[in-house]
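# Analysis of the macromolecular model
Here is how the chains run, residue by residue.
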Amino acid sequence: MKLIHNQIPVEFLSELPEGVKLVKRKGREFLVIEDVVSRSGRSLMSDDVRIHGEPSIMMQVTIRDAVGPIFLDAYWGSHAKLYGFLPTLSGADPVIDAAVPESRESLMVDSVCEVEGCGCTRAVELLLPGGENKILVCARMGCPGHRMVLSRMPKMVSDTISGINFFGAGSLDEDWFSELS
Ligand SMILES: [Zn+2]
């Protein structure tokens, strides 16, 4: 597994958006999502399920015929996740449908993934507090596509933040923190 640790732009660090915090681990800086909400303002954070020591982002997802909770790593650029059910993951990567766990409010929006060769036209929308900034996660399982859309920052800053990815970390078994030691 290859760890790509991109530089976090100074403009971003000097004015961190609400809902994002900076965490130092093993001498490196990471962005961690502290709070994201649905369009109706429902928080998606789960204190009960922690990944890498931080509260995870909880959603209800439909993967083919299976429905259940999924917990995403709040570390920006990590793709570690835990399933609360048993989806069928064999075959072509399915496009998931995500919703708020209790209310079933949809988190899906139309958005074309920018990862080359993906072509998915649906994304999971997570709003940062205040509603000005948001995160778009590609709905295709296994695609690393994700964007942080920052309304008050130059597009270049959004692009750089969106480019931070830790490839290959598909599960907790491949713990990318071990790469940092
Ligand atoms: Zn994608």
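Residues numbered from 1 in each chain as written. Predicted model: local features only at pLDDT ≥ 70, side-chain atom pairs only at ≥ 80, totals over all residues. Heavy atoms only, no water.

## Regarding the nonpolar core
F12, I33, V36, M59, M148 and I161 are the most contacted members of the largest nonpolar core, which totals 44 residues. For this core, the secondary-structure elements that each account for two or more residues are β1 (20–25), β2 (28–33), β4 (54–63), β5 (66–72), β9 (122–127), β10 (134–138) and α2 (155–162). (Core = buried A, V, L, I, M, F, W, Y, C linked by side-chain atoms within 4.5 Å. Buried < 20%, exposed > 50% of the residue type's maximum accessible area, 1.4 Å probe, protein only. Helix = DSSP H or I, 4+ residues; strand = E, 2+ residues; numbered from the N terminus.)

## Description of the coordination of the zinc ion
Bound to the zinc ion on the protein side are C113 (SG), C118 (SG), C138 (SG) and C143 (SG), at distances that span 2.2 to 2.3 Å. Around the zinc ion, the four donor atoms are arranged such that angles at the metal cover 107 to 112°; this shape is classified as tetrahedral. Coordination of the zinc ion draws on donor residues from a single chain, spaced C-x4-C-x19-C-x4-C in sequence. Here C113 is found in the loop between β8 (108–110) and β9, whereas its partner C138 is found in strand β10, with 25 residues between them in sequence. Residue classification places C113 among the buried positions, given a relative accessible area of 12%. (Donors = N, O, S within 2.8 Å, 3.2 Å for Na, K, Ca; no water. Tetrahedral: all angles 85-135°; square planar, octahedral: opposite > 155°, others 65-115°.)

## Some points on the pattern of salt bridges
It is possible for side chains of opposite charge to pair when their charged atoms get near one another. All chains considered together, the criterion is met by 11 salt bridges. A salt bridge links R147 to E114; the nearest nitrogen and oxygen atoms lie 3.1 Å apart. Taken together, the residues span a long stretch of sequence, with R147 in strand β11 (residues 146–149) and E114 in the loop between β8 and β9 at a distance of 33 residues. Owing to a relative accessible area of 60%, E114 belongs among the exposed residues under this scheme. Close ionic contact of E132 with R152 constitutes a salt bridge, the shortest N to O distance being 3.0 Å. Remark: R152 occurs in the loop between β11 and α2 and E132 occurs in the loop between β9 and β10; sequence separation between them is 20 residues. (Salt bridge = Lys/Arg side-chain N within 4 Å of Asp/Glu carboxyl O.)

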